[in-house]
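Letter by letter, the chains look like this.
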Amino acid sequence: MWAKDADPGGTDASMSPYDYGAFIVDSRDGQSLEDVVGAGADVYWNAPRHLRVDSFGYPSEEPYDGKSQFTCESPTTDFHEAGWPEPDMLWMGCTMTGVRLGRVVHGSRRARVPGQQLLLAVTTRTARTMTGPYLGDVAKEMYDSL
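Residues numbered from 1 in each chain as written. Predicted model: local features only at pLDDT ≥ 70, side-chain atom pairs only at ≥ 80, totals over all residues. Heavy atoms only, no water.

## Quick word on unusual backbone geometry
With a phi angle near 55°, Asp29 is a residue other than glycine that sits in the positive phi range. Within the secondary structure, Asp29 is located in the loop between helix H1 (2-5) and helix H2 (33-37). When its relative accessible area of 77% is taken as the criterion, Asp29 is described as exposed. Despite not being glycine, Asn46 has its phi angle at roughly 50°, a positive value. Following the sequence through the fold, Asn46 ends up in the loop between H2 and strand S1 (52-57). Residue classification places Asn46 among the partly exposed positions, given a relative accessible area of 38%. (Helix = DSSP H or I, 4+ residues; strand = E, 2+ residues; numbered from the N terminus. Buried < 20%, exposed > 50% of the residue type's maximum accessible area, 1.4 Å probe, protein only.)

Structural data, given as structure tokens:
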């Protein structure tokens, strides 16, 4: 999907409904990455579109320095550009800034479901608001193919 639908409008490839990926990391010395750093959050595939979420990230533009993790809380809503493919991306308000050029630090958004926090989206653009791709059927199919 990325190659075909990465930037349908031809204006800003930093935002795309298909800006995600998955990969498998080889074990080292008999230990998996999960053994060493701990398990990540389970993914909330096809989650409801309007949830209150926590976003975690390492903002590096003023007044932040990119060295500490910050969190904001906000409801999500749909974000769509004319001519872009479905599904709509997810948008949330947040006072965190973006990252400086050269840093590849994206934040994650987690939905609070009773008793757990589930990964809802990965932030692809920040500027005091955040957008990220919806992790629906296409993302799940890619993930399950590994």
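What follows picks up the thread again.
## Remarks on the pattern of salt bridges
Across all of its chains, the model carries three salt bridges by this definition. A salt bridge links Arg49 to Asp78, with the shortest nitrogen-to-oxygen separation between them at 3.0 Å. Here the residue Arg49 occupies a position in the loop between H2 and S1, and Asp78 occupies one in strand S3 (residues 77-79), the gap between them amounting to 29 residues. Note on Arg49: relative accessible area 19%, which makes it buried. Lys140 serves as the salt-bridge partner of Asp144, at 2.8 Å between the closest nitrogen and oxygen. Residue Asp144 and its partner Lys140 are both found in helix H3 (residues 137-144); the two are separated by four residues, about one turn of the helix. (Salt bridge = Lys/Arg side-chain N within 4 Å of Asp/Glu carboxyl O.)

## A short note on the state of the cysteines
Under the definition given, this model contains one disulfide. Residue Cys72 pairs covalently with Cys94 via a disulfide, S to S 1.7 Å. A torsion of -60° about the S-S bond marks the disulfide between Cys72 and Cys94 as left-handed. Here Cys72 is found in strand S2 (residues 70-75), whereas its partner Cys94 is found in the loop between strand S4 (89-93) and strand S5 (108-113), with 22 residues between them in sequence. Under the relative-accessibility criterion, Cys72 is labelled buried at 11%. A relative accessible area of 6% means that Cys94 is categorised as buried. (Disulfide = S-S within 2.5 Å.)

This is a description of form; function is not addressed.
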